[in-house]
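Chain and residue survey
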Amino acid sequence: MEHIAFQQRSIEQLLEQFKKLWCTGEASREITFKAPTGSGKTFMTESFICELCRQPDWQGDVAFVWATFSDELAMQSRSKFMDYFYPNLPGRLLTVADFSAGALRRNDV
């Protein structure tokens, strides 16, 4: 899926702000990502994760936790992640059922 111009700008701004906070030790600060219904928030957030993991100046040993209000929304997001980015996923896409496998690894979602 191709990014629309405003989506690409949003992703770039999110990357810049996140890396700035991470590098200054303020990674515990909250970043709020807001966009109107239908603007592609799921796609932009997934793009942010994939692009962050590919950044040459990003070597963070982190995993990403994707929280939703229901199992249905979680599976819908997982399905979209696979549709948009497979086979170029940065890490494993896990579900709650996978937590018995042990610790999260770098770039897992």
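The structure contained in this document is the topic of the report that follows.

Comments concerning the overall build of the chain
- Helix and strand counts for the chain come out as three helices and zero strands.
- Put simply, the chain runs from its N terminus to its C terminus through helices and strands in the order α-α-α.
- By the compact-globule yardstick of 13 Å for 109 residues, the chain fits well, its C-alpha radius of gyration being 14 Å.
- The C-alpha extent of the chain, read off along each of the three principal axes, is 35 × 35 × 25 Å.
- Within the chain, contacts between residues at least 6 apart in sequence are counted, and of these 61% link residues at least 24 apart.

Brief notes about the pattern of salt bridges
- Tallied over the full model, the rule gives two salt bridges.
- Residue Arg92 is joined to Asp108 by a salt bridge in which the shortest nitrogen-to-oxygen separation is 2.5 Å. Taken together, the positions of Arg92 in the segment after α3 (71-85) and Asp108 in the segment after α3 put the pair 16 residues apart, joining distant regions of the chain.
- Residue Arg92 is classed as partly exposed on the basis of its relative accessible area, which comes to 26%.

Details of the packing of aromatic side chains
- Using the criterion set out here, one finds nine aromatic pairs in the structure.
- Measuring from ring centre to ring centre gives 4.9 Å for Phe43 and Tyr84, while their planes differ by 75°; the resulting arrangement is edge-to-face. You can see Phe43 sitting in helix α2 (residues 41-54) and its partner Tyr84 sitting in helix α3, a full 41 residues away along the chain.
- With relative accessibility at 3%, the residue Phe43 sits in the buried group.
- Given the relative accessible area of 26%, Tyr84 is considered partly exposed.
- Taking 6.1 Å as the distance between ring centres and 85° as the angle between the ring planes, the aromatic pair formed by Tyr84 and Phe85 counts as edge-to-face.
- In this structure Phe85 comes out as buried when scored by relative accessible area, which is 11%.
- Among the aromatic residues, those joined into a ring-pair cluster are Phe43, Trp66, Phe81, Tyr84 and Phe85.

Regarding the nonpolar core
- With 18 residues, the main nonpolar core has Phe48, Ile49, Leu52, Phe64, Phe81 and Val109 as its most contacted residues.
- Of all the secondary structure elements, the ones that give two or more residues to this core are α1 (5-23), α2 and α3.
- At seven residues, α2 tops the list of elements feeding residues into this core.
- Other than its neighbours up to four places away in sequence, Phe81 contacts Glu46, Ile49, Cys50, Tyr86, Leu89, Leu93 and Val109.

Observations regarding α2
- Relative to the 20 Å expected for 14 residues at 1.5 Å per residue, α2 spans 20 Å between its end C-alpha atoms, a close match to the ideal helical length.
- For α2, the buried fraction is high: ten of the 14 residues fall into the buried class.
- Turning to α2, its buried residues are Phe43, Met44, Glu46, Ser47, Phe48, Ile49, Cys50, Glu51, Leu52 and Cys53.
- Check the buried side of α2 and you find it contacts α1 and α3.

Thresholds, definitions, all that
Along each chain, residues carry numbers from 1 onward, in the same order as the chain's sequence is written. A pLDDT threshold of at least 70 governs which residues receive local features in this predicted model, and a stricter bar of 80 or more applies before side-chain atom pairs are shown or counted, although totals over entire chains, interfaces and linings include all residues. Remark: hydrogens and water are excluded; side-chain values derive from all non-hydrogen atoms of the structure. Counting from the N terminus, the helices are DSSP H or I runs at least four residues long and the strands are E runs at least two residues long. Radius of gyration here uses only the C-alpha atoms, and the compact-globule reference equals 2.2 Å multiplied by the residue count raised to the power 0.38. For this analysis, residues touch if any pair of their heavy atoms sits within 4.5 Å. Think of a salt bridge as a Lys or Arg side-chain nitrogen and an Asp or Glu carboxyl oxygen that are within 4 Å of each other. The buried label goes to any residue with under 20% of its type's maximum accessible area, the exposed label to any with over 50%, and the partly exposed label to all in between, with areas taken from a 1.4 Å probe on protein chains only. Stacked, tilted and edge-to-face pairs are distinguished by plane angle, under 30 degrees for stacked and over 60 for edge-to-face with tilted covering the rest, among Phe, Tyr and Trp rings (Trp via its six-membered ring) whose centres lie within 6.5 Å. By convention a nonpolar core is built from buried Ala, Val, Leu, Ile, Met, Phe, Trp, Tyr and Cys residues, the set being connected through side-chain atoms within 4.5 Å. A helix is expected to reach a length of 1.5 Å times the quantity of its residues less one.

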